[in-house]
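Remarks on the overall topology
So the chains spell out like this:
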Amino acid sequence: MAVTFYNLKSESGLKKLDEYLLTRSYVSGYLASKDDITVYSALSSVPSDEFVNVSRWYKHIDALLRISGVSGEGSGVTVESSSVVAEEAVATPPAADSKATEAEDDDDDDVDLFGEETEEEKKAAEERAAAMKASGKKKESGKSSVLMDVKPWDDETDMKKLEEAVRSVEMEGLFWGASKLVPVGYGIKKLQIMLSIVDDLVSVDTLIEERLTVEPINEYVQSCDIVAFNKI
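Residues numbered from 1 in each chain as written. Predicted model: local features only at pLDDT ≥ 70, side-chain atom pairs only at ≥ 80, totals over all residues. Heavy atoms only, no water.

Looking at an unreviewed UniProt entry, one finds the chain named Elongation factor 1-delta 2-like, with Cicer arietinum as its source organism. Recorded in UniProt under Subunit (unreviewed entry), the annotation for the chain is "EF-1 is composed of 4 subunits: alpha, beta (1B-alpha=beta'), delta (1B-beta), and gamma (1B-gamma)." (UniProt positions renumbered as here; feature names shortened; annotations may be inferred.)

1. Considering the sheet that holds strand β4 (residues 174–185)
Spatially, the 4 strands line up as an open sheet ordered β4-β5-β3-β6, and their pairing is antiparallel. Unpaired on one side and paired on the other, β4 and β6 (221–231) mark the two borders of the sheet. Averaged over neighbouring strand pairs, the angle between their axes works out to 20 degrees when direction is ignored. Relative to the sheet, helix α6 (residues 159–167) contacts β3 (143–152), β4, β5 (188–198) and β6, its axis offset from that of β5 by approximately 15 degrees. (Pairing = 2+ DSSP bridges. Helix = DSSP H or I, 4+ residues; strand = E, 2+ residues; numbered from the N terminus. Axes fitted to C-alpha atoms, helices over the stretch in contact; angles between N-to-C directions. Contact = heavy atoms within 4.5 Å.)

2. Description of α6
For α6, the full list of buried residues reads M159, L162, A165 and V166. The buried residues of α6 all sit within an arc of 115 degrees when viewed along its axis, so they share a single face. Looking at the buried side of α6, the elements it contacts are β3, β4, β5, α7 (204–212) and β6. One side-chain oxygen at the N-terminal end of α6 lies 3.0 Å from the backbone nitrogen of K160; it belongs to D158. (Buried < 20%, exposed > 50% of the residue type's maximum accessible area, 1.4 Å probe, protein only. Arc of directions from axis to C-beta. Polar contact = N/O pair within 3.5 Å; in protein donor to acceptor, adjacent residues only side chain to side chain.)

3. Topic: the packing of aromatic side chains
Under the counting rule described, the total for this entry stands at 2 aromatic pairs. Both rings, one in F5 and one in Y20, keep their centres 5.1 Å apart while their planes meet at 80 degrees; by these two values the pair is edge-to-face. Within this pair, whereas F5 is found in strand β1 (residues 4–6), its partner Y20 is found in helix α1 (residues 11–20), the two being separated by 15 residues in sequence. Each member of the pair, F5 together with Y20, is buried. Taking the centre distance of 4.7 Å and the plane angle of 20 degrees together, the rings of Y40 and Y58 count as stacked. Taken as a pair, Y40 in helix α2 (residues 34–42) and Y58 in helix α3 (residues 52–67) lie far apart in primary sequence, 18 residues in all. Note on Y58: relative accessible area 10%, which makes it buried. A cation over a ring is seen here: R24 above Y20, with NZ or CZ 3.9 Å from the ring centre. (Phe/Tyr/Trp six-rings, centres within 6.5 Å; stacked < 30°, edge-to-face > 60°. Lys NZ or Arg CZ within 6 Å of the ring centre and 35° of its normal.)

This is how it looks when you write it as C-alpha cells:
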C-alpha cells in the first residue's frame, strides 16, 4: 500500500515521519527499496538526533547506498512539498471500487480450480520438470548486508589499530565496507562498520565469537553488536 509524506523539510513533517518509522525499519516492506531512496532524497540534510527514528533510518540507508545499493521496488511512496500538512502525514489510497471488486469475484467463480488437467497441461508440466532436472543448476546463495557496532575496552584503545584488526579478518564470502567512529560517552568511541556476507558461507555469530572477540583481536575489541541485518 502506497503512502504519502508531506513537507519533509519542516519540523512537523519530520515529526510525522519519525512517528511512522517508530515501528518500522524501512518505509515499506521488510527490505530497503526505492521508497526509501525517494524519502531519503527528499531530506535536505542529515536529520537531527532529535528525530531518533528518522536519524537511525537515514544513517542505515546512507550506508546501504554507499556499500551495496538498494534494489527493492517498494510500493510507490509519494513525497509532497506542500507546507500544508494533512492531519495525518501518511495518506492511504481510496478503497477499491466495490463494483470492480464484485466483477472480479464473479470472474473468480467461473474458474475451476479443481478441474482435471488436460493432456496439454500434463505434457507441459512434464516438460518443465524434465527441463529443471536437466539443467541441474544450483540455486544461487543469498546475500545479506550487516551493520555492526564494534566496542573497544576503554578510551585508551587505539581505534585505528582496532579497525585494522577487524578488517584483517578474511573469510570466503565476507566483504568489509564503509565505517565510522561514533561517540559513546566519557571520551569513548565505537567503530560502526558495514559488511556484506554470502549467507551459505558466513555466519555472523561465528564471525563474532570465533574471529572478532578472540586473540589477538580481543586486545582491542571488547564486544560486537549487530545493529541491522538485511537480505540483499
